[in-house]
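Topology and contacts: notes
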Amino acid sequence: MRKLFTSLLFIVMAYTAMAEHTKGGWMYYTYLGPGSSPNSARYRITLKIYTKCVLDNPAQYCPTVVISIFSAASNLLLERQVIGSPDSVNMRNCPTAECHPCVSPLPAPICYKITTYEFIKELPITAYGYTISYQRCCRISGIINLKQPTFVVGDTWTVNIPGNAASPLCPTNSSARFPQNDTAIICRGNYFTYNFGAIDLNNDSLSYAFTNAYAGTPDGGTGGSCANEVSLPPPYNSAEYQAPYTGSEPLGRTVKINPYTGMVSGIAPDASGVYVLTVTVTEFIKGTTIKRGEVRKSLHIEVADCVSSKALLEPEYYSCDDFDMSFSNGVTGNIIQSFYWEFGDPASGVNNTSDLQFPSHTYSGAGDFVLKLVVNRGLSCSDSTTSIVKVYPVFKPDFKLENKCANAPVQFTDLTTSTYGNVNFWYWNFGDFNAATGNNISSLQNPTHVYSAANSYDIRFIVANNKGCIDTVLKTILITSGPSLSLAHDTLMCTIDTVQLNAIGTGAFSWSPNYNISSVNSSNPLVSPDVTTTYRVTLTDDIGCTAKDSVKVNVVSQVSQFAPNDTTICTTDNVILHLVSDALTYQWTESPAGNTLSNANIKNPIATPVTNTTYHVVGSIGKCMAQSSITIKAVPYPAANAGADQTICLGNSTQLFASGGSSYSWSPAAFLNNRLIADPTVTNPTANIKYVVSITDTLGCPKPGRDTVIVFVAKIKADAGPSDTSVVLDQPLALNATGSTHYLWSPAQWLSNTGIANPVALPQSDIRYIVKVSNDAGCFDYDSIMVHLFKLDAGIYVPNAFTPNGDGNNDYFHPILIGMRSLDLFKVFNRWGQLVYSGTGAQGWDGSFAGKKQETTTYVWYAEGTDYKNNKIKKKGYVMLLR
């Protein structure tokens with residue numbers, strides 16, 4: 001355990017000693033001429049390493065570096081070159097107040113130490129050249145757009161010296177040279193420009209792009225001191241980016257690089273800090289697609305929390321769509337208090353100037369105009385700048401392609417229209433990497449490209465003119481495996497016939513075998529084989545793409561055909577005529593004529609005869625024919641009759657009566673004594689029920705006829721109203737019975753009418769009335785009501801005591817209504833006049849208030865009601881609560 005702890009401590013101390021110092025750099029080479037040996041060349045190889053100006057540890061500075069040379073063909077190590085004391089060590093220091101006046105607040109100064117190592121090397125010229133590289137630990141910590149921790153990521157400086165496989169001019173190339181303007185301050189959230197435009201000594205065509213930063217190895221490959229730090233073989237791993245940043249969008253989606261000029265521009269990220277920015281410039285021999293070399297530069301960009309009063313315009317503005325332009329200062333913030341614009345367009349009169357922050361201007365014509373911006377005019381920290389506005393509409397890029405065939409040259413044609421100026425820049429990315437050509441890009445106007453496989457490819461076409469207009473076209477193309485060829489399905493013919501084959505496509509046709517065929521080069525030859533033959537066709541388009549297909553011609557000497565057996569169906573049904581035949585065409589006729597076939601020219605039509613019908617069919621294969629027939633007998637469905645619907649009383653039985661056939665089947669079987677006879681008995685059904693009877697006969701129709709009957713079960717429930725009620729003398733009582741349609745009351749004494757549901761009674765003594773309720777089917781039921789007569793005045797009668805003790809007797813205090821229509825008010829008060837109960841319900845007071853049982857004492861009550869003559873009655877009194 002002690003040994004393990006010691007090892008971990010050593011690793012941590014090593015990282016601490018070596019970490020957090022590199023800040024980018026680049027490697028390039030210069031061709032110096034032929035070497036002393038035949039077929040060799042001399043190169044000056046230069047390595048520039050950027051580090052912090054003040055290192056955390058002296059060990060972070062390397063007076064000696066080991067640069068590795070690998071074969072680009074095999075990636076095998078050829079040799080290592082030890083470079084002693086650096087050629088130069090420069091300090092790029094920019095104090096903020098000096099370099100960036102009128103920036104608020106002042107960010108920390110920017111300082112780079114640039115260490116340059118150089119050596120001259122003679123190398124044999126090979127087909128694929130060399131990879132030169134140096135790897136080292138460690139980047140500075142806290143880089144915003146890389147995954148943390150960044151000090152263990154390291155860096156790789158590398159360059160490729162090309163071989164002569166692509167062109168004999170490639171080994172004589174010198175790298176493009178980036179400018180060394182590395183101390184700019186970018187204010188977060190502000191528009192900025194940063195020039196990565198390179199100079200090429202060979203006058204090559206240059207193309208710029210953001211690319212992934214390379215990672216090194218944490219200890220430089222083998223670990224230890226600077227002298228031991230060596231590069232691993234290529235290919236090299238990319239550093240891991242922190243989302244949403246990527247190598248192609250290192251400062252976010254709002255910052256782009258101009259592939260033509262190398263100018264980086266856009267809106268800086270909102271988060272302040274250090275960002276890794278890597279740019280690759282690719283060199284093409286001018287006027288060709290031959291890639292001559294490429295150089296990559298990696299730089300740590302400082303995005304500061306600041307606002308500048310600088311007047312910042314884009315180097316050039318282009319209006320390639322119309323004459324309208326909108327402008328804004330590339331720097332925003334309250335440090336800028338005023339704006340003054342001159343659009344350089346005197347012909348526009350008073351519209352030639354503006355004091356708006358975001359002005360728009362419609363130019364009077366095409367041309368180059370000088371745009372001028374002054375910020376804080378007449379104030380401190382005033383600044384001004386100019387730019388060129390190029391107004392040359394219309395510039396519309398487009399392209400077309402021909403010969404969309406894999407493994408053959410695909411022709412791309414530029415269709416760009418440029419009203420002003422000439423198109424002078426083309427950049428094609430064909431969306432794949434073709435091993436045969438070694439690349440997937442071109443700078444020609446109308447290039448060709450060979451795709452190795454049929455697939456969809458995303459094409460990027462960037463085009464510009466000499467007026468500065470530039471635009472990009474994105475299209476997805478489909479590369480096919482050959483020309484489109486369609487051929488009819490396999491066919492059948494008679495030995496005495498001739499058949500025409502039909503191939504559809506564009507190009508030259510070639511048929512095989514050359515056997516009884518009118519032309520082997522026609523798209524639609526005539527063939528007359530006497531045995532079954534498969535003919536194969538090859539279609540070749542004008543660029544050599546081919547497609548193949550075949551058709552089998554089956555040859556027969558006669559038609560094989562069999563009709564189904566005669567059959568019987570039910571009238572109004574249909575039947576499919578299942579003919580067995582190998583014929584190609586069919587013609588059906590029927591006798592007698594009736595137009596009962598769905599289609600008289602298909603193999604298996606649907607027939608719907610209404611009478612006995614014979615169907616004849618002729619099947620043909622060219623001149624070979626066969627005839628068949630089938631007779632279909634149409635028989636009507638059985639005339640099923642389930643009888644009339646019935647109504648019976650609950651508890652009774654009935655009998656069903658069906659007719660129309662020879663066999664019967666009832667459904668459901670519930671309550672039936674026999675479901676398979678014509679007249680089953682329905683025994684004591686408990687509810688309405690619907691029966692369906694299926695009837696068959698012996699006349700030939702194979703399907704049953706059906707009919708339905710419903711048995712309604714009448715359930716009579718007499719209801720004479722409440723079981724008893726009370727009235728006072730001379731108080732009329734309205735009776736009300738329910739349950740069916742017919743009513744009969746008894747006895748008739750004191751009733752207004754005994755034969756209605758709601759007679760009026762005027763009883764003179766206690767009496768029970770009985771009502772008989774019945775329907776038309778004779779079903780009936782009885783109920784009764786007891787009427788008590790009180791020979792008292794109509795009024796409210798109240799007891800003087802109650803005992804709410806839960807024994808079921810006198811537990812509630814409520815008035816007794818005699819001859820009353822309603823109780824309108826009933827209240828109870830305690831001895832202090834507090835209301836303890838109020839209500840009109842039948843239950844009354846339970847002797848509690850607010851959920852608490854009330855004490856034993858005397859309470860006052862008050863009641864109001866309306867009698868049967870609509871007289872208002874009011875009463876009050878006392879009640880004793882006993883427990």
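Structural notes, computed from the coordinates. Small disclaimer: the values here were computed from a predicted structure and weren't measured. (Residues numbered from 1 in each chain as written. Predicted model: local features only at pLDDT ≥ 70, side-chain atom pairs only at ≥ 80, totals over all residues. Heavy atoms only, no water.)

Quick notes on a negative patch on the surface
Condition: Patches were defined on residues exceeding 30% relative accessible area and lacking a salt bridge, with like-charge contacts within 9 Å and nonpolar side-chain contacts (Val, Leu, Ile, Met, Phe, Trp, Tyr) within 5 Å. Exposure was quantified through the Shrake-Rupley algorithm and a 1.4 Å probe, taking into account, for residues, occlusion by the shown protein chains and nothing else. Salt bridges, as used here, are contacts in which a Lys or Arg side-chain nitrogen is within 4 Å of a carboxyl oxygen on Asp or Glu. The convention is simple: Lys and Arg are positive, Asp and Glu are negative, and His and the chain ends are not counted. Every charge is mapped to an atom, namely NZ of Lys, CZ of Arg, CG of Asp or CD of Glu. Runs of E in the DSSP output that reach at least two residues are strands. Runs of H or I that reach at least four are helices, and both are numbered from the N terminus. Burial status follows relative accessibility: with a 1.4 Å probe on protein chains alone, a residue under 20% of its type maximum counts as buried, one over 50% as exposed, and anything between as partly exposed.
Side chains of Asp321, Asp322, Asp324 and Asp471 sit close together on the surface and give a patch of like negative charge. Along the chain, Asp322 falls in the loop between strand S18 (316-319) and strand S19 (324-326). On the basis of relative accessible area, Asp322 is assigned to the partly exposed category, the value being 36%.

Digging into the state of the cysteines
Applied cut-off: What counts as a disulfide here is a pair of cysteine sulfur atoms lying within 2.5 Å.
The tally for this structure, following the rule as stated, stands at six disulfides. Sulfur-sulfur distance for the disulfide between Cys187 and Cys306 comes to 2.1 Å. Residues Cys187 and Cys306 share a disulfide whose torsion about the S-S bond is about -105 degrees; that sign makes it left-handed. Of this pair, Cys187 sits in strand S10 (residues 186-187) while Cys306 sits in the loop between strand S16 (291-304) and strand S17 (307-308), placing them 119 residues apart in sequence. Overall, the relative accessible area of 3% leaves Cys306 in the buried class.

Description of the environment of Lys853
Selection rule: Contacts: residue pairs with any heavy atoms within 4.5 Å of one another.
With respect to the helices and strands, the residue Lys853 is situated in strand S68 (residues 852-853). Here Lys853 falls in the exposed class, since its relative accessible area comes to 69%. Sequence-wise, Lys853 and Pro804 are 49 residues apart; in three dimensions their C-alpha atoms are separated by 9.1 Å. In this structure Lys853 touches Gly847, Ser848 and Arg883, once residues within four positions along its chain are discounted.

Some thoughts on a nonpolar patch on the surface
A cluster of nonpolar side chains, Phe790, Leu792, Tyr797 and Ile816, forms an exposed patch at the surface whose accessible area comes to about 330 Å². Tracing the chain through its elements places Leu792 in the loop between strand S61 (780-790) and strand S62 (795-797). Taking relative accessible area as the criterion, Leu792 reaches 42% and is therefore assigned partly exposed.

Side note on the sheet that holds strand S49 (residues 624-635)
To be explicit about the condition: Each pair of strands is called paired provided DSSP finds at least two bridges between the two strands. Every angle, taken between N-to-C directions, lies between 0 and 180 degrees, and every axis is a line fitted to C-alpha atoms, over only the stretch in contact when it is a helix.
Read across the sheet, four strands follow the order S43-S49-S48-S46 without closing on themselves; strand pairing throughout is mixed. Both edges of this open sheet fall to strand S43 (567-570) and strand S46 (585-591), since each of them pairs with a single strand only. Within this sheet the neighbouring strands show an average axis-to-axis angle of 30 degrees, counted without direction. Where S43 meets S49, four bridges bridge the pair, whose relative direction is parallel.

A short note on the pattern of salt bridges
Considering all chains together, one arrives at 14 salt bridges under this definition. With a shortest N-O distance of 3.7 Å, Glu249 and Lys256 are connected by a salt bridge. A relative accessible area of 45% means that Lys256 is categorised as partly exposed. The shortest N-O distance in the salt bridge between Glu294 and Lys291 comes to 3.3 Å. Accessibility expressed as a relative area gives 37% for Lys291, which makes it partly exposed. Overlapping salt bridges bring together Glu249, Arg253 and Lys256 as one network.

Details of the nonpolar core
For clarity, the cut-off: Grouping buried Ala, Val, Leu, Ile, Met, Phe, Trp, Tyr and Cys residues that are joined through side-chain atoms within 4.5 Å yields what is termed a nonpolar core.
Counting 34 residues, the largest nonpolar core has Phe178, Phe192, Tyr194, Phe196 and Val264 as the members making the most contacts within it. Secondary-structure elements contributing two or more residues to this core are strand S1 (22-34), strand S7 (110-124), S10, strand S11 (191-195), strand S12 (205-210), strand S13 (255-257), strand S15 (273-284) and S16. Considering every element that reaches this core, the biggest residue donor is S16, with five residues.

A word on the sheet that holds S13
With antiparallel pairing, three strands are arranged side by side in an open sheet as S11-S14-S13. Both edges of this open sheet fall to S11 and S13, since each of them pairs with a single strand only. Here the strands of the sheet are splayed against their neighbours by 15 degrees on average, with no regard to which way each runs. The pairing of S11 with strand S14 (residues 263-267) spans five bridges and is classified as antiparallel. Counted as the bridge partner of Asn195 is Met263 from S14.

Here we look at the pairing of strand S66 (residues 835-838)
Sheet analysis places strand S65 (residues 820-829) next to S66, joined by three bridges and oriented antiparallel. Within S66, the residue paired with Val828 across the bridge is Tyr837. Hairpin connection, S65 to S66: the antiparallel pair is bridged by five residues, and Gly833 has positive phi, about 80 degrees.

Looking at the side chain of Asn830
This is how it is decided: Polar contact criterion, stated in full: a pair of N or O atoms within 3.5 Å, where within protein one must be able to donate a hydrogen and the other to accept it, and residues adjacent in sequence count only if both atoms are side-chain atoms.
Position of Asn830 relative to the elements: it lies in the loop between S65 and S66. A polar atom in the side chain of Asn830 sits 2.8 Å from the backbone nitrogen of Gln834. Asn830 has contacts with Val836 and Tyr859, leaving out every residue within four places of it along the chain.

Examining the pairing of S16
In terms of residue burial, S16 counts as a mostly covered element, since 11 of its 14 residues are buried. For S1 and S16, the ladder comprises three bridges, and the chain directions are antiparallel. In the strand pairing of S16, Gly25 is matched with Ser298. Two elements, S10 and S16, share two bridges in a ladder whose sense is parallel. Note on S16: the bridge partner recorded for Cys187 is Ala304. When S15 meets S16, the two strands line up antiparallel, connected through 12 bridges. Residue pairing for S16: Thr278 is matched across the bridge by Ser298. Between the end of S15 and the start of S16, which pair antiparallel, lie six residues, with Gly287 showing a positive phi angle near 85 degrees.

Notes on unusual backbone geometry
In this structure, Val394 follows Pro393 across a cis peptide bond, with omega equal to 10 degrees. Structurally, the position occupied by Val394 is in the loop between strand S24 (383-391) and strand S25 (395-396). Residues Ser746 and Pro747 are joined by a peptide bond in cis, for which omega reads -5 degrees. Residue placement: Pro747 occurs in the loop between strand S58 (742-746) and strand S59 (760-761). Residue Asn203 is not a glycine yet carries a positive backbone phi of 60 degrees. Relative to the elements of secondary structure, Asn203 occurs in the loop between S11 and S12. Taking the relative accessible area as the measure of exposure, Asn203 reaches 55% and is therefore exposed.

Some details on the packing of aromatic side chains
Short version of the rule: Each aromatic pair joins two rings of Phe, Tyr and Trp (for Trp, the six-membered one) with centres within 6.5 Å, and gets the label stacked for planes under 30 degrees apart, edge-to-face for over 60, and tilted for any other angle. Only lysine NZ and arginine CZ atoms are considered, and such an atom sits over a ring when it is within 6 Å of the ring centre and within 35 degrees of the ring normal.
Summed over all chains, the structure comprises 29 aromatic pairs. Between Tyr317 and Phe327, the aromatic rings sit 5.3 Å apart at their centres with planes inclined by 80 degrees, giving edge-to-face as the arrangement. With Tyr317 in strand S18 and Phe327 in the loop between S19 and strand S20 (339-342), the pair connects residues that are 10 residues apart, well separated along the chain. Taking relative accessible area as the criterion, Phe327 reaches 3% and is therefore assigned buried. Grouped by ring-pair contacts, the aromatic residues Phe802, Phe813, Phe826, Tyr837, Trp845 and Tyr859 constitute a single cluster. When the ring centre of Tyr340 is taken as origin, the NZ or CZ atom of Arg377, which lies over that ring, is 3.8 Å away. Across the ring face of Phe399, the terminal group of Lys475 is positioned such that the distance to the ring centre comes to 4.5 Å.

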